[in-house]
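Structural overview
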Amino acid sequence: MKLSEHLDLSEVIRSESAKRNGISNMPTEAHIANFKLLAEKVFEPIRLNFRCPINLSSGYRSVELNKCIGGSLTSQHCTGEAIDLDMDGTPHGVTNKMVFNFIKDNLEFDQLIWEFGTNENPDWVHVSYESSGKQRKQVLKAYKEAGKTKYKPY
């Protein structure tokens, strides 16, 4: 099922952790509708700007899968409102930092997170779009402290 011109539902629900643990990772119709909105407002503009495939490292997470991987209890991945993007190692010359900056400077979003990495490049980029239309435009940087993930303003 196509969520948008360049994004398929199969990409959004793909999860090695779900496969390994025998967990269903099928979203509800409401969650699919949220992903279509996210694809329209965030994913497609990124894809069109960089003119190359954009790699998802994480999309939908069923509540069971989210619990299995230790995700946040309030994760927007569980409602179809968040994706993680990772361009590291792709042959297109697009970096995670370039994707992060494009989103920050050009798109409406609810939350944008520079996920770990270095000051030069995040390990991946988390972006969400609130389906109600009310975007916080929150920009954060994730880091580890005493083994726990913490966030600070970017």
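Look up a bit, the structure's there.
Attention here is on the structure that accompanies the text. The structure presented is a predicted model; accordingly, all values stated were derived computationally and were not measured.

By secondary structure assignment, the location of Leu-140 is in strand S7 (residues 138-145). By relative accessible area, Leu-140 is classed as buried at 13%. For the pair formed by Leu-140 and Trp-114, sequence separation is 26 residues and the distance between their alpha carbons is 6.3 Å. Ignoring any residue separated from it by four or fewer positions in sequence, one finds Leu-140 in contact with Phe-100, Gln-111, Leu-112, Ile-113, Trp-114, Tyr-151, Lys-152, Pro-153 and Tyr-154.

For helix H5 (residues 96-106), the complete set of buried residues consists of Asn-96, Val-99, Phe-100, Phe-102 and Ile-103. End-on view of H5: buried residues confined to an arc of 165°, all on one side of the axis.

Before going further, it helps to spend a moment on the nonpolar core. Among the nonpolar cores identified, the biggest contains 32 residues, and Ile-46, Leu-85 and Ile-103 are the most heavily contacted of them. Here the element with the most residues in this core is helix H3 (residues 29-50); it accounts for eight residues. Each residue touching Ile-103, except ones within four places of it in the same chain, is listed here: Ile-46, Leu-85, Phe-109, Leu-112, Val-125 and Val-127.

Our next topic: the packing of H3 against H5. Remark: H3 packs on H5, axes separated minimally by 11 Å, with the N-to-C direction vectors making an angle of 120°. On the basis of their axis angle, the class for H3 and H5 is oblique. For the crossing formed where H3 meets H5, the hand is right-handed. For the pair H3 and H5, the contacting residues are Pro-45, Ile-46, Asn-49 and Phe-50 in the first and Met-98, Val-99, Phe-102 and Ile-103 in the second.

Moving on: the pattern of salt bridges. Counted by the stated rule, this structure contains six salt bridges. A salt bridge links Arg-61 to Asp-84; its shortest N-O distance comes to 3.7 Å. In this pair, Arg-61 sits in the loop between strand S3 (56-58) and helix H4 (63-68) while Asp-84 sits in strand S4 (residues 82-85), placing the two residues 23 residues apart along the sequence. Assessed through its relative accessible area of 12%, Arg-61 is described here as buried. The salt bridge involving Lys-104 is made with Asp-105; its shortest N-O contact spans 3.0 Å.

Taken in spatial order, the six strands line up as S3-S4-S6-S5-S7-S8 in an open sheet, and their pairing is mixed. Edge positions in the sheet fall to S3 and strand S8 (148-153), since each has one partner strand and no second. Pairs of neighbouring strands in the sheet enclose a mean axial angle of 30°, with direction left out of account. With two bridges connecting them, S3 and S4 associate as antiparallel partners. Paired with Ser-58 across the strands is Asp-84, a residue of S4. Those strands touched by H5 are S4, strand S5 (111-115), strand S6 (124-128) and S7, and its axis lies near 160° from that of S5.

Rules and cut-offs
- Residues numbered from 1 in each chain as written.
- Predicted model: local features only at pLDDT ≥ 70, side-chain atom pairs only at ≥ 80, totals over all residues.
- Heavy atoms only, no water.
- Helix = DSSP H or I, 4+ residues; strand = E, 2+ residues; numbered from the N terminus.
- Buried < 20%, exposed > 50% of the residue type's maximum accessible area, 1.4 Å probe, protein only.
- Contact = heavy atoms within 4.5 Å.
- Arc of directions from axis to C-beta.
- Core = buried A, V, L, I, M, F, W, Y, C linked by side-chain atoms within 4.5 Å.
- Axes fitted to C-alpha atoms, helices over the stretch in contact; angles between N-to-C directions.
- Parallel < 35°, antiparallel > 145°, perpendicular 65-115°, else oblique.
- Left-handed = near helix turned anticlockwise from the far one by under 90°.
- Salt bridge = Lys/Arg side-chain N within 4 Å of Asp/Glu carboxyl O.
- Pairing = 2+ DSSP bridges.

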